[in-house]
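Okay, here's what each chain looks like letter by letter:
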Amino acid sequence: MLDALAAADWGRTLLLTDYNTRIAVIGAGCLGAAAGLVGTFLVLRRRALMADTLGHSTLPGVGLAFLVLAAFGKTPDALPWLLLGAAATAGLAAWLVAATQRIPRIREDAALAIVLGVLFGLGLAILGVIQQLGTGHAAGLGGFIDGSVASMRAQDSWTMVVLASAATLVTIVLFKALTVASFDPQQARLQGLPVRRLEFVQLGMVVVVTVAGIRAVGLILIIALLIVPPAAARPWSNRLSRVAVCAAGIGAFSGIVGAWISALVTGLPTGPVIVLVAVAAFGFSLLFGRARGILRRRGHAPAERLAH
């Protein structure tokens, strides 16, 4: 009897007939598409460490939001409030990086490392305090570190879909302006484009994707979902628009397949599985990519540089 029930549950998950699982997988796909699209500009501008900093800096925000909710007798695992706390500290991290860079002889990589270390260390300290409280909901915070689709409710998945879709829409609308500002900031200024504001919007979209993904992918591995799909898309074309579309497709594929496998196998964390699928796509692209693939390049001229 128990075997029959287990087989029935496994079959519902395999065929995505369960509503919560289906919405979670769709949400992971939307997240992957948004991460691939937004991450294309991070790869183009060589700012991967910025995404890493923002991802790790969400931990103290999640922890502080948890403590505030618990102090007021509210449900401490209410996702919207935890995401709001994550967004607040991620935004603080972006501001601290910009402020630290203004200090003489402090380069961007050093500023990023300093802010990452301080905020992530603060987050671990807050997490230790929460674990000492003995609150029953504290165990659920582990899902924010390595991701968990199985524990997500339908409203959590819809929140992820809305945030990811918003980041995707803004990036598509501003794609041309972001492209010019990324390739040639001086030319962008001559065209009257607000380069500083565009940089702020780009970082804002990274924050949105990071906040949207920490529940499904985890705050440590969200950086990989932002960087690996664009890197996997690069060998297929020398046109930025095509690379961006391909990165969104690879990200969506990774999110859907990874979340589906994680829901299918009990206890398998979602974040690592999604990232492993994306890394497999990167390996395939590296070998067989039409523009820069290793096997395709043999006997041909050197690959061209990325163009608009």
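Okay, so let's go over this structure. Keep in mind that this is a model prediction, so the values were computed, not measured.

### With respect to the overall build of the protein
Scanning the protein from terminus to terminus reveals 15 helices and 0 strands. Counting only contacts in the protein whose residues sit at least 6 apart along the sequence, the fraction spanning at least 24 positions is 75%. Counting only carbon and sulfur atoms, one obtains 67% of the accessible surface of the protein, whose full area is about 15000 Å².

### Comments concerning the packing of aromatic side chains
For the structure on display, the rule yields 3 aromatic pairs. Where Phe284 meets Phe288, the ring centres are 4.9 Å apart and the plane angle is 40°; that geometry is what we call tilted. Placement of the pair is Phe284 and Phe288 together in helix α14 (residues 270-288), with a separation of 4 residues, close to one helical turn. Grouped by ring-pair contacts, the aromatic residues Trp236, Phe284 and Phe288 constitute a single cluster.

### Here's the deal with helix α8 (residues 154-173)
Under the 1.5 Å per step criterion, the end-to-end length of α8 is 28 Å for 20 residues, consistent within 8% with the ideal 28 Å. Those residues of α8 not exposed but buried are Ala154, Asp156, Ser157, Met160, Val161, Ala164, Ala167, Thr168 and Thr171. For α8, the angular spread of buried residues about the axis comes to 155°, placing them on one side. Across from the buried face of α8, at angles greater than 90 degrees, the exposed residues are Val162, Leu169 and Val173. Packing partners of the buried residues in α8 comprise α2 (19-44), α5 (79-101), α9 (175-183) and α11 (195-213).

### Quick look at the pattern of salt bridges
Taken as a whole, this structure holds 1 salt bridge when the rule is applied. For Arg45, the salt bridge identified is with Glu199, shortest N-O distance 3.1 Å. With Arg45 in the loop between α2 and α3 (48-56) and Glu199 in helix α11, this pair connects stretches of sequence that are 154 residues apart. Note on Arg45: relative accessible area 22%, which makes it partly exposed.

Rules behind the numbers
Each chain carries its own residue numbering, running from 1 in the written order of its sequence. Whole-chain, interface and lining totals are the exception, using all residues; otherwise, since this is a predicted model, local features are given only for residues with pLDDT of at least 70 and side-chain atom pairs are given and counted only at 80 or more. Note: side-chain values were computed over all heavy atoms of the structure, leaving out hydrogens and water. Here a strand is any run of E in DSSP of at least two residues, a helix any run of H or I of at least four, and the numbering for each starts at the N terminus. The contact rule is simple, with two residues in contact once any of their heavy atoms fall within 4.5 Å. Areas reported here follow the Shrake-Rupley algorithm with a probe of radius 1.4 Å; residue values treat only the protein chains shown as occluding. Under the pairing criterion, centres of Phe, Tyr and Trp rings, with the six-membered ring standing for Trp, must be within 6.5 Å; the plane angle then separates stacked pairs below 30 degrees from edge-to-face pairs above 60, leaving the rest tilted. Helix span, as expected, comes to 1.5 Å for every residue beyond the first. Buried means the residue's accessible area, taken with a 1.4 Å probe over protein chains only, is under 20% of the maximum for its type, while exposed means over 50%, and partly exposed covers the values in between. What the arc describes is the spread of directions from the helix axis to the C-beta atoms. Just to be clear on terms, a salt bridge is a Lys or Arg side-chain nitrogen sitting within 4 Å of an Asp or Glu carboxyl oxygen.

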